[in-house]
Amino acid sequence: MTQAPEYVAYARMDELHELQNPRSDARGELNFILISHVKELLFRAVTDDLDTARAALDRDDVADTCLALSRAVRTQRVLVACWESMNGMSADEFVAFRHVLNDASGVQSFAYRTLEFVMGNRPRDKVEATYEDGHPLLRAELAKPSLYDAVLAHLARQGYAIPQDCLEKSPAQQHELSAGVESVWLEVYRDTGKHHEAHRLAEALLEVAYQFSHWRSTHLLVVERMLGGKGGTGGSDGAPWLRAINEHRFFPELWTFRTRL
Ligand code: HEM
């Protein structure tokens, strides 16, 4: 047997191309699987950059944190752009193969859930399900403070008045909106010259949160375009369920303090 060229061998390209196996002859199913694979891999790329950002925060290195966050944002923009490719499919084309998905749904993606956990969205039901039979990666993530927990710990070390309960909660417990944290961000934005580093950090974090919400809202639009009022394969009522999810904001005080600015 001839040896595979190094390009193929290095990144195991032959194995990669064996992974897209449509279950129907419908036009559109191959692209649906390809884009799903691309998105899964990009979720991992963003998670990796956020992990780097979190490690830099633990060293109180804001420059490295911002660099890692800006890399994450670049990939998040690609994630949003991926919806363009999926929108090339019309609703009738989707209907032609939707039945082969059975109850498969993005809600079961452990790569997506890991990313949400890293960012800090750790609702109790998802945490309990993870302890019961979640993917090992997810369980490992719950043992670590989230990116936002790391931000608040960093700010506390810099002398900002982060409330003690935000710093002492267990990692698996989700950060809840805090008036004290909101006041800290307000202080930073009222004098950005004095709080230059914290301001840079806040802007970099907000961009990550913004891109995440952008991905979610575009997903909702794609869902309305493909499904109208139909329920999801994962058992939800579809668009209304996703609309409620769209209300969620990462790093909540970074959004709420603006009202008082
Ligand atoms: C035709 C395209 C798509 C449709 C119609 C669609 C539909 C839906 C629906 C209805 C839900 C709600 C849960 C359920 O009942 O299933 C959902 C959740 C989700 N979908 Fe999609 N989806 C599509 C493509 C994708 C792709 C390509 C990805 C990324 C790989 C994705 C990732 C997700 C994720 C991560 C959730 C869970 C969101 C959360 O828990 O906050 N979806 N999708």
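Residues numbered from 1 in each chain as written. Predicted model: local features only at pLDDT ≥ 70, side-chain atom pairs only at ≥ 80, totals over all residues. Heavy atoms only, no water.

Novice: Let's hear about the overall build of the chain: which residues, and what values?
Specialist: For the chain, the count of helices and strands is 14 helices and zero strands. Ordered by position from N to C terminus, the α and β elements of the chain give α-α-α-α-α-α-α-α-α-α-α-α-α-α. With respect to the three principal axes, the spread of C-alpha positions in the chain is 60 × 50 × 35 Å. Among the 261 residues that make up the chain, the fraction classed as buried is 43%. Here the analysis covers contacts within the chain between residues at least 6 apart in sequence; of these, 73% occur between residues at least 24 apart. For the chain, the accessible surface area stands at approximately 14,200 Å², while carbon and sulfur atoms represent 54% of it. For the chain, the distance from the average site of its 29 positive side-chain charges to the average site of its 38 negative ones is 3 Å. (Helix = DSSP H or I, 4+ residues; strand = E, 2+ residues; numbered from the N terminus. Buried < 20%, exposed > 50% of the residue type's maximum accessible area, 1.4 Å probe, protein only. Contact = heavy atoms within 4.5 Å. Areas by Shrake-Rupley, 256 points an atom, 1.4 Å probe, with all protein chains shown as cover. Lys, Arg positive; Asp, Glu negative; His and termini not counted. Charge placed at Lys NZ, Arg CZ, Asp CG, Glu CD.)

Novice: So, the site of the ligand: which residues are in play, and what are the values?
Specialist: For the ligand, the set of nearby residues contains 26 residues, the closest of which are S105, R113, H219, G234 and S236. Measuring from an oxygen atom of the ligand, one finds a side-chain N or O atom of S105 at 2.7 Å. One of the side-chain N or O atoms of H219 is found 3.0 Å from a nitrogen atom in the ligand. Looking at the shell around the ligand, the elements that each hand over two or more residues are α3 (29-58), α4 (62-86), α6 (110-119), α12 (196-227) and α13 (239-245). If one sorts the elements of the shell around the ligand by residue count, α12 sits on top with five residues. (Near = heavy atom within 4 Å. Polar contact = N/O pair within 3.5 Å; in protein donor to acceptor, adjacent residues only side chain to side chain.)

Novice: Any details on the UniProt feature "binding site: substrate" (unreviewed entry) in the chain? Residues and values, ideally.
Specialist: On the UniProt side, "binding site: substrate" (unreviewed entry) is annotated at positions that read R98 and T233 here. These annotated residues cover 136 residues of sequence, and their C-alpha atoms all fall within 8.7 Å of one another, placing them together at a single site. Non-local contacts of R98, meaning those with residues more than four positions away in its chain, are made with L227, K230, G231, G232 and T233. Following the sequence through the fold, T233 ends up in the loop between α12 and α13. Those residues in contact with T233 that sit more than four places away from it in its chain are R98, L101, N102, D103, A104 and S105. Only 2.6 Å separates the side chain of T233 from the backbone oxygen of A104, close enough to count as a polar contact. (UniProt positions renumbered as here; feature names shortened; annotations may be inferred.)

Novice: Could you give an account of the coordination of the iron atom of the ligand, with specific residues and numbers?
Specialist: Each pair of donors in an ideal four-coordinate tetrahedral metal site encloses 109.5 degrees, whereas pairs in an ideal six-coordinate octahedral site enclose 90 or 180 degrees. The protein gives the iron atom of the ligand a lone donor atom, H219 (NE2), placed 2.2 Å from the metal. Tracing the chain through its elements places H219 in helix α12. (Donors = N, O, S within 2.8 Å, 3.2 Å for Na, K, Ca; no water.)

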